[in-house]
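A structural walkthrough
So the chains spell out like this:
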Amino acid sequence: MADQDLRANALQVLDTLERPLRDLRISLTDHCNFRCVYCMPKAVFGTRYRFVGHDGLLTFDEIEQLVRLFVQLGVGKVRLTGGEPLLRPHIEDLIARLVAVPGIDDIALTTNGSLLTPAKAAALRNAGLRRITISLDSLCDTTYQAMNDVGFPVAKVLAAIDTAKAEGLPVKINMVVRRGLNDQDIMPMAEHFRNSGHVLRFIEYMDVGNMNGWQPDDVVPSREIIDRIGGRWPLKALEPSRYGEVASRYAYEDGAGEVGFISSVSQPFCRTCTRARLSPEGMLYTCLFGTVGKDLRSLLRGAAGDDAILALLQKVWGSREDRYSELRSLLRARGTGAKVEMFHIGG
Ligand code: SAM
Ligand code: SF4
Ligand code: SF4
């Protein structure tokens, strides 16, 4: 049966805003070898921080079991993220297993690129990965190292991008822009990745979690970036390639390729948000800014069978009301509960 047919027969549920469930983001670990200042600032994530222990992590068996259930609710796309997902040993084995799940037609991976050796890229590709997103916030070593805060050099990320390309993996580059930190790198990054065949995506700095000290003035709105880039190399807007796509896509009019803008703060896209998120220890969140997750690991490790888990997933999605980004100002002013951290449920 074709993947679409499979999902057309699925036990699909719409949430309270009539949004279907389409994507599942799985954070494979909360560990990371970087300490990006906007995600896991060192002051908080030092030696005393308690990460999820090995036994607490969902196993590959458990992840596959959940993915098979999520497919029945309409999920066709899985993104593996973290923390740093390449820290999870044998991630390629998981990819091979998920690629084989009927109904899954797209597996993506977001990584900081630091562990993407040629051997790892080949293993990922052989396992069935067909594209990769690599994060890079600057081409200037001083700025980049200040942002990753572990002294990791730009050249090694650029080498990882080349490695992925050599393995035949299309690459997207994620650049989080924070005013006063790396906004001077917008034009050099755009110039570098024009004509490269890679799609650079500018991400508005978000107030994920509770630790990064986010202030509204730190955000460089996408409109400003589009105007800056378009002033030098004219851009034309492209149609979204699918329902629920997070990036607004633009093409360089001179044919130098495509750039994307993820405007979660200035132009929230909650109305078409089709994503659920799984934390490393099996908590299910229906929003990046979730405060309360549902513990699926206890169900997997307890007596609950697939039908009970499926019923719970349907109930959770069916009662979903999330639209944090649309309500950001209101909720921040109200000072709602502690949010889950980004490295915990992935970007
Ligand atoms: N470690 C991997 C990486 O950095 O690519 C995957 C996990 S990381 C949490 C996923 C994406 O979220 C990265 O592209 C990262 O830059 C982005 N991100 C992290 N914190 C962010 C924030 N506060 N605002 C916007 N994007 C953020
Ligand atoms: Fe690690 Fe990615 Fe967060 Fe940076 S953005 S600290 S690389 S999880
Ligand atoms: Fe989706 Fe929540 Fe982000 Fe809105 S704020 S787009 S509901 S993850």
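Bear in mind that the values here come from a model prediction, so they are computed numbers and not experimental data.

**Quick look at the pattern of salt bridges**
Taken as a whole and assessed by the stated rule, the structure comprises 20 salt bridges. For E191, the salt bridge identified is with R232, shortest N-O distance 3.5 Å. Here the residue E191 occupies a position in helix 7 (residues 186-193), and R232 occupies one in helix 8 (residues 222-232), the gap between them amounting to 41 residues. Residue E191 is classed as partly exposed on the basis of its relative accessible area, which comes to 43%.

**Description of the sheet that holds strand 11 (residues 283-285)**
Strand order across the open sheet formed by 12 strands is 7-8-9-6-5-4-3-2-1-10-11-12, with mixed pairing between neighbours. Lying at the two open borders of the sheet, with one neighbouring strand each, are strand 7 (235-237) and strand 12 (294-295). Here strand 8 (residues 248-252) pairs with strand 9 (residues 258-262) via 4 bridges, running antiparallel. Considered in strand 9, the bridge of R249 is made with G260. In the packing of helix 3 (residues 91-99) onto the sheet, contacts are made with strand 2 (77-81) and strand 3 (106-111), and the angle to strand 2 comes to roughly 175 degrees.

**Things to note about helix 6 (residues 154-166)**
Its 13 residues place the ends of helix 6 18 Å apart at the C-alpha level, agreeing with the 18 Å of an ideal helix rising 1.5 Å per residue. Of all the residues in helix 6, the buried ones are V154, V157, A160, I161, T163 and A164. Each element contacted by the buried residues of helix 6 is listed here: helix 4 (118-127), strand 4 (132-135), helix 5 (141-148), strand 5 (171-177) and helix 7. With its phi angle positive at about 85 degrees, G168 sits one or two positions after the end of helix 6.

**Some points on empty space enclosed by the protein**
A probe matching the size of a water molecule, rolled over the atoms, marks out where space remains unfilled. Taken as a whole and judged by the stated rule, the model has 1 cavity of 30 Å³ or more. Approximately 30 Å³ is the volume attributed to the largest cavity. What lines the largest cavity is L21, F70, L73, A276, L284, T286, L313 and W317. Residue classes in the lining of the largest cavity are distributed as 7 nonpolar, 1 polar and no charged.

**A few points about the site of ligand 3**
Near ligand 3 you find F269, C270, C273, R275, R277, C287, L288, F289, R320, D322, Y324 and S325, and these make up its full shell. For the shell around ligand 3, the residue count by class is 7 nonpolar, 1 polar and 4 charged.

**Points about the site of ligand 2**
Around ligand 2, the neighbouring residues are C32, F34, C36, Y38, C39, M40, G83 and N112. Split by residue class, the shell around ligand 2 holds 6 nonpolar, 2 polar and no charged.

**Topic: the packing of aromatic side chains**
Taken as a whole, this structure holds 7 aromatic pairs when the rule is applied. Their ring planes at 85 degrees and their centres at 5.5 Å tell us that Y250 and F261 sit as a pair that is edge-to-face. Of this pair, Y250 sits in strand 8 while F261 sits in strand 9; the two residues are 11 residues apart in sequence, bridging distant segments of the chain. There is no split in this pair, since Y250 and F261 are both buried. An aromatic cluster of at least three residues, connected via ring pairs, comprises F45, Y49 and F51. The ring centre of Y252 lies 4.7 Å from the NZ or CZ of R194, which sits over that ring.

Rules used in this analysis
- Residues numbered from 1 in each chain as written.
- Chains lettered and ligands numbered in written order.
- Predicted model: local features only at pLDDT ≥ 70, side-chain atom pairs only at ≥ 80, totals over all residues.
- Heavy atoms only, no water.
- Salt bridge = Lys/Arg side-chain N within 4 Å of Asp/Glu carboxyl O.
- Helix = DSSP H or I, 4+ residues; strand = E, 2+ residues; numbered from the N terminus.
- Buried < 20%, exposed > 50% of the residue type's maximum accessible area, 1.4 Å probe, protein only.
- Pairing = 2+ DSSP bridges.
- Contact = heavy atoms within 4.5 Å.
- Axes fitted to C-alpha atoms, helices over the stretch in contact; angles between N-to-C directions.
- Expected span 1.5 Å × (residues − 1).
- 1 Å grid on protein atoms, 1.4 Å probe; cavity = no way out; pocket = protein on both sides within 12 Å on 5 of 7 lines; lining within 4 Å.
- Points joined across faces, edges and corners; volume = space filled by probe spheres on them.
- Nonpolar A, V, L, I, M, F, W, Y, C, P; charged D, E, K, R; others polar.
- Near = heavy atom within 4 Å.
- Phe/Tyr/Trp six-rings, centres within 6.5 Å; stacked < 30°, edge-to-face > 60°.
- Lys NZ or Arg CZ within 6 Å of the ring centre and 35° of its normal.

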